[in-house]
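# Structure at a glance
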Amino acid sequence: MTQVYYRDQALEAIARRVVKTHDAALLSSPRAIPIEEIIGTCGLEIDYQYIRNNGRILGETIFDDTLIPVYDKDNGQYSFISVRRGSIIIDASLLQPAKIGRLRFTMAHELAHWLIHQEIYTGTGESAAMLNKPLKSSEADAGLERQADRLACFLLMPTGQVKTAFYHNRNHADLTAAIANLFGVSRQAMDIRLKELRLV
Ligand SMILES: [Zn+2]
């Protein structure tokens, strides 16, 4: 068993526990996991702001009460807002119907940071930001981002439910799109998930 394989197993177990704690029935059949409600169950609050004027940061998890800069579209400038530990800031540019998959994935990614990276970030004054394009960052940061992406993937697309949906929809003309729609994720995210499960 490789280290990477073990890590995914551990992350999937965390995802299952979090979803089951919210509502065990969620894992009984394929469906869109209500990530926003689960975030509330975990004691977190979501706030929508324009984090940057270029949409470069899609989400940010706040581990310490602090001030963060956000872009004020009306005035065309940045201003500081006070944010509390346990806030997830989501970029308001994701509040468009066409971006629902990206929005949900960003929420799941930020929740993942809260679930597994609290000890790393708390007390540092750093937040865990999801970047649209990766900035130059250390290997460690890249590793943390990958872990958050993996956990997000397991939260939104549990293995058993994706496999069930695959068999139910296997005669569908556009199988990937149908299942992506069912789970409320982007087609690209579901395509990657189906490939790693060796279903397509
Ligand atoms: Zn991140």
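Here is what the cut-offs are and how they apply
- Residues numbered from 1 in each chain as written.
- Predicted model: local features only at pLDDT ≥ 70, side-chain atom pairs only at ≥ 80, totals over all residues.
- Helix = DSSP H or I, 4+ residues; strand = E, 2+ residues; numbered from the N terminus.
- Rg over C-alpha atoms; globule rule 2.2 N^0.38 Å.
- Buried ≥ 20, exposed ≤ 12 C-beta atoms within 10 Å, placed from the backbone.
- Contact = placed C-beta atoms within 7 Å.
- Core = buried A, V, L, I, M, F, W, Y, C linked by C-beta atoms within 7 Å.
- Axes fitted to C-alpha atoms, helices over the stretch in contact; angles between N-to-C directions.
- Parallel < 35°, antiparallel > 145°, perpendicular 65-115°, else oblique.
- Arc of directions from axis to C-beta.
- pLDDT = per-residue confidence, 0-100.
- Pairing = 2+ DSSP bridges.

### Thoughts on the overall build of the protein
Within the protein one finds eight helices and six strands. From first element to last, N terminus to C terminus, the protein shows the α and β order α-α-β-β-β-β-β-α-α-β-α-α-α-α. Against the 2.2 N^0.38 benchmark of 16 Å for 200 residues, the protein shows a C-alpha radius of gyration of 17 Å, consistent with a compact globule. In terms of overall dimensions, the protein has a C-alpha envelope of 50 × 35 × 35 Å along the principal axes. Looking at the 200 residues of the protein, the share that counts as buried comes to 32%.

### Here we look at the environment of glutamine 161
Assignment of secondary structure puts glutamine 161 in helix α6 (residues 159-168). Sequence-distant contacts of glutamine 161, defined by excluding residues within four places in its chain, comprise Leu27 and Pro30.

### Description of the nonpolar core
Within the largest apolar cluster, 45 residues are counted, with the highest numbers of intra-cluster contacts made by Ile35, Ala108, Leu111, Ala152, Leu155 and Leu156. For leucine 156, the contacting residues outside a window of four places in its chain are Ile33, Ile35, Arg104, Phe105, Ala108, Phe183 and Val185.

### Notes on the packing of helix α7 (residues 175-183) against helix α8 (residues 187-196)
The contact between α7 and α8 brings their axes to 9 Å, and the two run at 110 degrees. In terms of orientation, α7 lies roughly perpendicular with respect to α8. Residues Thr176, Ala177, Ile179, Ala180 and Phe183 of α7 form the contact with α8, whose own contacting residues are Arg187, Met190, Asp191 and Leu194.

### Quick notes on α8
All of the buried residues along α8 are Ala189, Met190, Arg193 and Leu194. Within α8, the buried residues cover an arc of 130 degrees as seen down the axis, which keeps them to one side. Within two residues after α8, arginine 198 carries a phi angle of roughly 55 degrees, on the positive side.

### Observations concerning the confidence of the model for the protein
Detailed reading of the predicted coordinates is not advisable wherever pLDDT is low. Chain-level pLDDT for the protein is 91 on average; 92% of the residues reach the 70-or-more range. Counting interchain partners and residues more than four positions distant, the pLDDT-below-50 stretch residues 1-6 has one contact.

### Quick word on the pairing of strand β3 (residues 66-72)
Relative to strand β4 (residues 77-83), β3 is paired through seven bridges, and the arrangement is antiparallel. Directly across from aspartate 72, in β4, lies its bridge partner glutamine 77. The hairpin turn running from β3 into β4, its antiparallel successor, is four residues long, and glycine 76 in that turn takes a positive phi close to 65 degrees.

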